[in-house]
Amino acid sequence: MNNCIIEMKGIKKYFYGVKALDGVDFKVRTGEVHALIGENGAGKSTLVKILTGVYQPTAGTIILNDKPVQFPSPQVSQKAGISAIHQEATMFPDLSVMENIFMGHHIRNKSNGLLSWREMKDKTQILLDKLELDIRPDTKVKNLSVAQRHMVEIAKALSLNAKVVIMDEPTSALTLREVEYLYKIIRKLKSEGKAIIFISHKFEEVFEIADYFTVLRDGKYIGEGTIADITVDKIVQMVIGRSLAQMYPKLEAEQGNIILKVENLSKIGVFKNISFDLHKGEILGFFGLVGAGRSEVMQTIFGIDTKTSGEVFIDGEKVYIANPSDAMNFGLAYLPEDRQIQGAILAMNIRENITLPIIDRTSRHIFLDRNREFEITDEYGKYIEIKASGWEQLVEDLSGGNQQKVVLAKWIATKPRILIMDEPTKGIDIATKATVHNFISELAKKGIAIILISSELPEILGMSNNVIVMHEGVITAKFTREGANSKKIIRAAIGSISK
Amino acid sequence: MNKENGVLDIKKIRKISLLNIMWQWETILLFIFIMVAIINSNLSPYFLDYTNLMNTTFNFIEKAIIALPMIFVIICGDIDISVASIIALSSVFMGMASQAGVNTFGLVAIGLFSGSAAGFLNGFIITKFGIPAIAVTLGSMSLFRGIAYVILGDKAFTKYPTSFAFFGQGYIGNTMIPFELILFFILAIIFGIILHKTTMGRRVFAIGNNSTAARFSGIPVNRIRLIIFTVTGLCSGLASILLTSRIGSTRPNIAYGWELEIITTVVLGGVAITGGKGNIFGVVISIFIIGFLKFGMGLINVPGKVMNIIIGLLLILAIMLPELLKRLKPKNSFSNIKK
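Residues numbered from 1 in each chain as written. Chains lettered and ligands numbered in written order. Predicted model: local features only at pLDDT ≥ 70, side-chain atom pairs only at ≥ 80, totals over all residues. Heavy atoms only, no water.

> Could you clarify how one ought to interpret empty space enclosed by the protein in this entry?
Empty space among the atoms becomes apparent when a probe as large as a water molecule is rolled across them. Residue and element names in this part refer to chain A. Evaluated as defined, the whole model comprises one cavity of 30 Å³ or more. Estimated volume of the largest cavity: approximately 50 Å³. Around the largest cavity, the lining residues are I37, G38, E39, S200, H201, F203, V239, D429 and I430. Residue classes in the lining of the largest cavity are distributed as four nonpolar, three polar and two charged. (1 Å grid on protein atoms, 1.4 Å probe; cavity = no way out; pocket = protein on both sides within 12 Å on 5 of 7 lines; lining within 4 Å. Points joined across faces, edges and corners; volume = space filled by probe spheres on them. Nonpolar A, V, L, I, M, F, W, Y, C, P; charged D, E, K, R; others polar.)

> Would you take a moment to explain the domain arrangement of chain A for this structure?
Accessible area lost when the parts come together is the quantity often used to give the size of an interface. Residue and element names in this part refer to chain A. Looking at chain A, the domain boundaries give domain 1 (4-240) and domain 2 (258-493). Inter-centroid distance (C-alpha atoms) of domain 1 to domain 2 is 34 Å. Between domain 1 and domain 2, the residue contacts involve 13 residues of the former and 13 residues of the latter. Between domain 1 and domain 2, roughly 1,000 Å² of surface is buried when both sides are summed, and carbon and sulfur atoms account for 69% of that area. At the boundary of domain 1 and domain 2, one finds zero salt bridges. Our enumeration of links across domain 1 and domain 2 arrives at zero residue pairs in polar contact (both at pLDDT 80 or more). Looking at the side of domain 1 that touches domain 2, the elements that each hand over two or more residues are α7 (203-209) and α8 (232-240). Looking at the side of domain 1 that touches domain 2 element by element, the count peaks at three residues for α8. (Domains from an automatic or database assignment. Contact = heavy atoms within 4.5 Å. Buried area = accessible area lost by both parts, 1.4 Å probe. Salt bridge = Lys/Arg side-chain N within 4 Å of Asp/Glu carboxyl O. Polar contact = N/O pair within 3.5 Å; in protein donor to acceptor, adjacent residues only side chain to side chain. Helix = DSSP H or I, 4+ residues; strand = E, 2+ residues; numbered from the N terminus.)

> Explain the packing of helix α9 (residues 179-197) of chain B against helix α12 (residues 221-247) of chain B to me, please; I cannot follow it from the model alone.
For any two helices packed against each other, one specifies the crossing angle of their axes together with the interaxial distance. Residues and elements named next belong to chain B. Axis separation between α9 and α12 bottoms out at 12 Å; the angle between their running directions is 170°. By the criterion of interaxial angle, the relationship of α9 to α12 is roughly antiparallel. Counting all contacts with α9, which are made through F179, E180, L183, L187 and F191, the residues of α12 involved are V231, C235, L238, L242 and R246. A class-by-class count of the residues in the contact of α9 with α12 yields eight nonpolar, no polar and two charged. (Axes fitted to C-alpha atoms, helices over the stretch in contact; angles between N-to-C directions. Parallel < 35°, antiparallel > 145°, perpendicular 65-115°, else oblique.)

> How should I be thinking about the sheet that holds strand β11 (residues 258-267) of chain A in this particular structure?
Whether parallel or antiparallel, the strands of a sheet pair through hydrogen bonds between backbone atoms. All names here are of chain A. The four strands are arranged β12-β11-β14-β15 in an open sheet whose pairing can be described as antiparallel. What marks the edges here is a single partner per strand, and that holds for β12 (271-279) and β15 (317-319). Across the sheet, the mean angle from the axis of one strand to that of its neighbour is 20°, orientation sign disregarded. Sheet analysis places β11 next to strand β14 (residues 309-314), joined by five bridges and oriented antiparallel. Paired with E263 across the two strands is E311, which belongs to β14. Here helix α9 (residues 294-301) sits on the sheet and contacts β11 and β12; the angle it forms with β12, its principal contact strand, is near 70°. (Pairing = 2+ DSSP bridges.)

> So what exactly am I meant to see when it comes to unusual backbone geometry here?
Comment: phi is negative for the bulk of residues other than glycine, and the bulk of peptide bonds are trans. In this structure, A:N273 takes a positive phi of about 45° despite not being glycine. If you trace the backbone, A:N273 turns up in strand β12.

> What exactly am I supposed to notice about the pattern of salt bridges here?
Close approach of charged atoms lets side chains of opposite charge pair. Under the criterion given, the structure shown has 28 salt bridges over all chains. Here A:K190 and A:D211 are joined by a salt bridge, their closest N and O atoms 3.0 Å apart. Residue A:K190 is located in helix α6 (residues 176-191), and its partner A:D211 is located in the loop between α7 and β9 (212-217); the two are separated by 21 residues in the primary sequence. Exposure remark for A:D211: the relative accessible area of 27% places this residue in the partly exposed category. If you follow the salt bridges from partner to partner, you end up with A:R351, A:E352, A:E373, A:E392 and B:R202 in one network. (Buried < 20%, exposed > 50% of the residue type's maximum accessible area, 1.4 Å probe, protein only.)

> Help me understand the packing of aromatic side chains in this model?
Within a pair of aromatic rings, the relevant descriptors are the distance that separates the centres and the angle that separates the planes. All names here are of chain A. Per the stated rule, a full pass over the model turns up 22 aromatic pairs over all chains. Arranged with centres 5.2 Å apart and planes meeting at 70°, the rings of F276 and F286 form a pair that is edge-to-face. Of this pair, F276 sits in strand β12 while F286 sits in strand β13 (residues 283-288), and the two are ten residues apart along the sequence. Since its relative accessible area comes to 2%, F276 is described here as buried. (Phe/Tyr/Trp six-rings, centres within 6.5 Å; stacked < 30°, edge-to-face > 60°.)

> Would you mind showing me how to read the interface of chain B and chain A here?
Counting residues at the interface gives 28 residues for chain B and 40 residues for chain A. For the pair chain B and chain A, the summed buried area comes to about 2,800 Å², and 63% of that belongs to carbon and sulfur atoms. On inspection of chain B and its partner chain A, the count reaches three salt bridges. Put simply, A:D360 and B:R203 hold a salt bridge, and the shortest N to O gap is 3.0 Å. Where chain B meets chain A, there are ten residue pairs in polar contact (both at pLDDT 80 or more). Top contributing element to the side of chain B that touches chain A by residue count: helix α1 (residues 2-20) of chain B, with seven residues. The residue inventory of the side of chain B that touches chain A, partitioned by class, reads ten nonpolar, eleven polar and seven charged.

> Which parts of the structure should I look at to understand the nonpolar core?
Grouped burial of nonpolar side chains is what soluble globular proteins tend to show. If you look at the biggest cluster of nonpolar residues, it comprises 96 residues, and the most contacted ones within it are B:I65, B:I71 and B:F184. What B:I71 contacts, discounting residues up to four positions off in sequence, is B:L195, B:V266, B:V271, B:I280 and B:V283. With 66 residues, the next largest nonpolar core counts A:L278, A:V297, A:L335 and A:A344 among its residues. (Core = buried A, V, L, I, M, F, W, Y, C linked by side-chain atoms within 4.5 Å.)

This is the structure:
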């Protein structure tokens, strides 16, 4: 294999004495999809930032087409044919697709130096056709879906004549169908000899699309190989440094009485006639595509949104929940999907975050009691194994997985009887994921009723006692653990109901 | 054992933050305050005169009293630019009542009530219809001031009961300490305790940092914002009582332009205009910096327009200072790495 387009050798990067990368080797060949795998903090982003010229390595060499090169700035790296697909950060929502694609490298008319919009428009159309994208060059980016924006970013990379395209968690906000489409485009780019660096937490994706992989752990190079010659277990072992006996440690919990009963809950234009029962100690999985209305149902039950009609019963009694505070009084807790916006208050510290919903309980009358807050934080922080320099550390300085643990600790500290978890493992590393799964099982064993919303099928199948599937605001199927399989669930999720 | 460790940790953290205090905003403000005092006392022999210092507080304490609730408003991520117009509105209502023969007690009640009602109206529109505070209070700023102009035209209310004069002109007992100043300190302590020591204060910071997460955590975000706007109105009404009592008359242009001075004071005091950050102590120092700076400049006959230039420069410099310090820091760290 000599057709290496990029070779990085012995890359080291120290930040204030911390070794973010410690002698990493990384080779990418033309026409391959190369998965860069590792937990959060393993050094993937740092490596990519060195490759795109954002960071300068402390030591090591980068070889591009057999010649040593240096990327002192992102522009130099881009000129050399390396493009990273960012998500929304670099898009200009009020500008057109064409303007976004040619931002920074506008085509000028050679004779008068003015911008040549017609040429840019034609080129944009060619790129869009190539990506089978049914949008017009002058559509504003804000009117596009997330998936379409990704495609525009890819078009931009192609317009720059990229030979290496870096995709960092490209599927995190996409629906199943959009992911399929992305794969198709990736395969197309591959067949044209482009090299694609694919960064993902999801192993199913890596095995689906990648040809080759490199694993990093704690800033160190762990290994590489072809995807065809490796198993999930082995990769997991490389990633976390030990073997994971069970990703989904489902402890069989005794199921008790019905604790939550939802009847014909509806919200016009969002969801309709949602009915289900939840038992003590049960883990009830909610599966569906993005936009199926699962979060909306749960937020309505939790009092964040208002319902149009329908009833909610707790312990057999009809309840009226007007706001989250009411919901908490009935023993409900809702771990939201977006931990950075809905879950944690990033600019506040761990103690303040964990005690926020129970601040009335930790205080003396209206006066704060910081020692009491500290004790509770210490209790739950240690229980959930939050890794931090202290409970006064700001949440924004924690890794994604630890931020999620803070939000989890915050809700478990409310001592809920019914815990609704909305995508509790989204975007977190595999070790934290396993920890979170462990807690879910443990909580269920203690008799807490759990609703688990997840878009990851293995998680739903691995964790739930029962599964409910939603599609466009209605429940399309209910399965028991025994009766569920991925095929049936997917069918119900995309709306083709088969009894 | 665990518990002991916990307490130990908290002590350690407090110790570290004691060291950090050197670099904190309040320290910078305190330094500026001392500089202002030293320069002023060198420029004019009249500056460090006890009676003069006490009497000059009359010129800024009414604004300071509104600055206190404004801290809460801004920490919540909101703003209220209608406060000076609320003063005018309350003053006009008090003036009308006074002409009709209402006694001092009644005037105070009217002042406080009309202020609170105006603040409640702001808060109600903002929270009920989800309109940004800047837009709503921009509107009510014109509305309240407009009502004052319509009622008064080019006239003025000048008839107030003699006992009404105490609030804005009185001293405590036989001392030279103005009643207003004591009232301000009492309020500052109450607002300080609420902001830093109570669950309400914690919730205000939570709302300012992330109102969505605050709402998801069971905090009644809109109710708290409504309370804060109402209290801001109440304090504006109180300031209106003090000001009307002090000058003994009501004209529709009363307290004109105060809102910007109040917001300037709060921002100079270290409250982040984006919300979520700030403390009472910084704002209290900032109130006295601006007050004494103006007093000192007045003593050496600096014209009012030039004072504005100097206050503007002070605000910009003070806000730039932490940024400048931040830029100095990384350089040091980089040189550490090379070693």
